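Chain by chain, the residues run as shown.
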Amino acid sequence: MRVVLQMRPEPDVVAAVINPDVSASAQEVSGEVPGVALDPDFAPVPIPQPVPASRAGDPLSLEQPFNFSMAPENASVLVRGEIQDYNIASRLAMLATARPDIVGISSDPVIETMPTCGGDAPVGDWHDVEGSLTDLRSEGLDGSGVSLAIVDNGINTAHLSQVLGRDVSVDAARSFKPAGTAAQFGQFPVDHGSMCAFDALIAAPGAALLDVPVLRSTRPGSTVMEGLLSDAIAAFAHLRTLLEAMPVEQRAMVVNNSWGSFKPSWDFPPGHPGNYSDNPAHPFNLAVTALERAGADILFAAGNCGRDCPDGRCGFTDRPINGANSHPRVLSVAGVDTRKARVGYSSQGPGRLTLRKPDISAFTHFEGSLAFGEGRPDSGTSAACPVAAGVVAAVRTRLPVQELSPAQMRTLIRRTAEDLGMAGYDFDYGYGIVDAPGITEALRRRQKNGRR
Amino acid sequence: MAHQPPTTLITVTLPPGSTLQDAMRRLGIASGEVDEEYGLVLVDPEQQSYALLVTEEAGARLQGARGGHGPHANPRMEPFGPPSPPGQDRSPDDRDDGGA
């Protein structure tokens, strides 16, 4: 978090800041401030002290005439710096205690226009997204030979073929659906799952789509558009079995998950042994670990509970990135629009199973699949997640798990991300936006060093 | 008594290659108390942990059964999109009661 510190240093230091002929740095004004990285580019600013115009004035009221004193013994000085987001309230309290010459601390938010929110028109289209990924395509990285599982509410290949102008199919023999799900693979109503498949194919048009419509479960307790976590456990067990059946030198599977749990009331409370949201030992979180250990690259959407304009379904009052969406062995994906600005609904960290969530950001809120009709965007972190999953599938084209483990893949994606927001990691954008040029450059360096 | 749907998620530790019948025998569960369509799902081969769905009553009976764990939360999962416009809650209050 960027902060402005109002300090009252010795009068001679204030005098130096006030004097236009003298250049005083933030370091000279404040010295080292514990836990704060001072911004050396921000010239300290003198602030006059308001003094009641009348000697009998109320020293604590702003409702009176004032004179403003720039006398060094009265004035204060502003410096700027950054302080860690985690436990911000206690950090600020400790800071004020550690440095009595700090007389005020305030946040210094980036001044920006209203972020993109749910219901807003598309920002750009999928060709803009595709344009940012040309480096992958020119290296021949298109997802060929890679299994790309869309764990969602089903894919409609006829719709995808029509929008993309080419034949799209799913690998029905290796797809999975909960018992009792009526429709055939690739023939589900055009909806969220078709959007996810479309967005994954932007970077990985050669990947083999696996249709895994767990959100179409008809099990008691589920509804038309919701599955139960037990269905996802069964789906992940199926995917793990598939992966283990592949020859080791060909193992390459990416699993997209643009779904999650919105309400803590659907769960046992944190601390209960059966809890899901905060419990790495919940069976689904163990299933995620087992699938990753078998070699899958697993991506989860961060969720749509961002502070600026959360989805109306959000029930978590804080730390909405929960359960497997915050699992240490997955990439958790936040959303940015094609102007590279965070969309206001993209959930912010820290996560519940892992603090550093989201991991990365990817494009969303663009016109793409038309799954929700003409003029309506592919939106939510639901769209950002498959955009990133497609990039991971593209990287896997020539790098099976034997060459690059899922953990190494996550490191590659994080390390090459284009940093957005605050310098380094932050809870809005993670390590930054997935960056195709950065990835291809890293892969070239890898090859130079004698590896695939 | 009304028929209870088997939606309670439990896990059991069993040897590799175990079947639903093995799990039911181990946990003392009758055939009407388990979701046979869901079956026995291998969650984690390393821990030899299997999942199954049983009735709430059978799940409650398991407390302390050898190798049995649970009940575990089995919450609803929803797609993360499209996000609703600010101020619109698409989730009626009466949907707050399910899951765990």
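Before any of the text, the structure's been laid out above.
Residues numbered from 1 in each chain as written. Chains lettered and ligands numbered in written order. Predicted model: local features only at pLDDT ≥ 70, side-chain atom pairs only at ≥ 80, totals over all residues. Heavy atoms only, no water.

Side note on the side chain of Arg80(A)
Residue and element names in this part refer to chain A.
Move 1: Mapped onto the elements of the fold, Arg 80 is located in strand E6 (residues 76-83).
Move 2: A distance of 2.7 Å separates the side chain of Arg 80 from the side chain of Asp 39, its partner in a polar contact.
Move 3: Setting aside anything within four residues of it in sequence, one finds Arg 80 in contact with Arg 2, Val 3, Ala 37, Leu 38, Asp 39, Phe 42 and Asp 108. (Helix = DSSP H or I, 4+ residues; strand = E, 2+ residues; numbered from the N terminus. Polar contact = N/O pair within 3.5 Å; in protein donor to acceptor, adjacent residues only side chain to side chain. Contact = heavy atoms within 4.5 Å.)

Some points on the interface of chain B and chain A
Move 1: In this assembly, 41 residues from chain B lie in contact with 57 residues from chain A.
Move 2: Where chain B touches chain A, the interface holds 19 residue pairs in polar contact (both at pLDDT 80 or more).
Move 3: Contributions of two or more residues to the side of chain B that touches chain A are made by strand E1 (8-13), strand E2 (41-44), strand E3 (49-54), strand E4 (68-72) and strand E5 (76-79) of chain B.
Move 4: When grouped by side-chain class, the residues that make up the side of chain B that touches chain A number 20 nonpolar, 11 polar and 10 charged.
Move 5: Direction of pairing for strand E12 (residues 259-260) of chain A relative to E5(B): antiparallel, over a ladder of two bridges. Paired with Trp259(A) across the bridge in E5(B) is Pro79(B). (Nonpolar A, V, L, I, M, F, W, Y, C, P; charged D, E, K, R; others polar. Pairing = 2+ DSSP bridges.)

Here we look at helix H7 (residues 192-203) of chain A
Move 1: Counted residue by residue, H7(A) has 12 buried out of 12 residues, so it is predominantly covered.
Move 2: For H7(A), the set of buried residues is His192(A), Gly193(A), Ser194(A), Met195(A), Cys196(A), Ala197(A), Phe198(A), Asp199(A), Ala200(A), Leu201(A), Ile202(A) and Ala203(A). (Buried < 20%, exposed > 50% of the residue type's maximum accessible area, 1.4 Å probe, protein only.)

Quick notes on unusual backbone geometry
Move 1: Cis peptide bonds are those with omega within 30 degrees of zero, and the linkage from Gly70(B) to Pro71(B) qualifies with 5°.
Move 2: A cis amide bond, omega -10°, links Gly81(B) with the succeeding residue Pro82(B).
Move 3: Here Pro82(B) lies in the segment after E5.
Move 4: Phi at Leu370(A) takes a positive value of approximately 60°, unusual for a residue other than glycine.
Move 5: Inspection of the secondary structure puts Leu370(A) in the loop between strand E15 (360-363) and helix H10 (381-396).

Comments concerning the state of the cysteines
Residues and elements named next belong to chain A.
Move 1: One pass over the structure, following the stated rule, counts two disulfides over all chains.
Move 2: Here Cys 117 engages in a disulfide with Cys 309; their sulfurs sit 2.1 Å apart. Between Cys 117 and Cys 309, the disulfide has an S-S torsion of -90° and is therefore left-handed. On the criterion of sequence distance, the pair formed by Cys 117 in the loop between strand E7 (102-107) and helix H4 (126-131) and Cys 309 in the loop between strand E13 (296-301) and strand E14 (331-336) is long-range, its members being 192 residues apart. The residues Cys 117 and Cys 309 share a single accessibility class, namely buried.
Move 3: With its sulfur 2.1 Å from that of its partner, Cys 305 forms a disulfide with Cys 314. Judged by the sign of its S-S torsion, about -90°, the bond between Cys 305 and Cys 314 is left-handed.
Move 4: When the bonded cysteines of chain A are numbered from the N-terminus onward, they pair as 1-3, 2-4.
Move 5: Free cysteine: Cys 196, not disulfide-bonded; nearest cysteine sulfur from Cys 385 at 7.5 Å.
Move 6: With a relative accessible area of 0%, Cys 196 lands in the buried category.
Move 7: In this structure Cys 385 comes out as buried when scored by relative accessible area, which is 0%. (Disulfide = S-S within 2.5 Å.)

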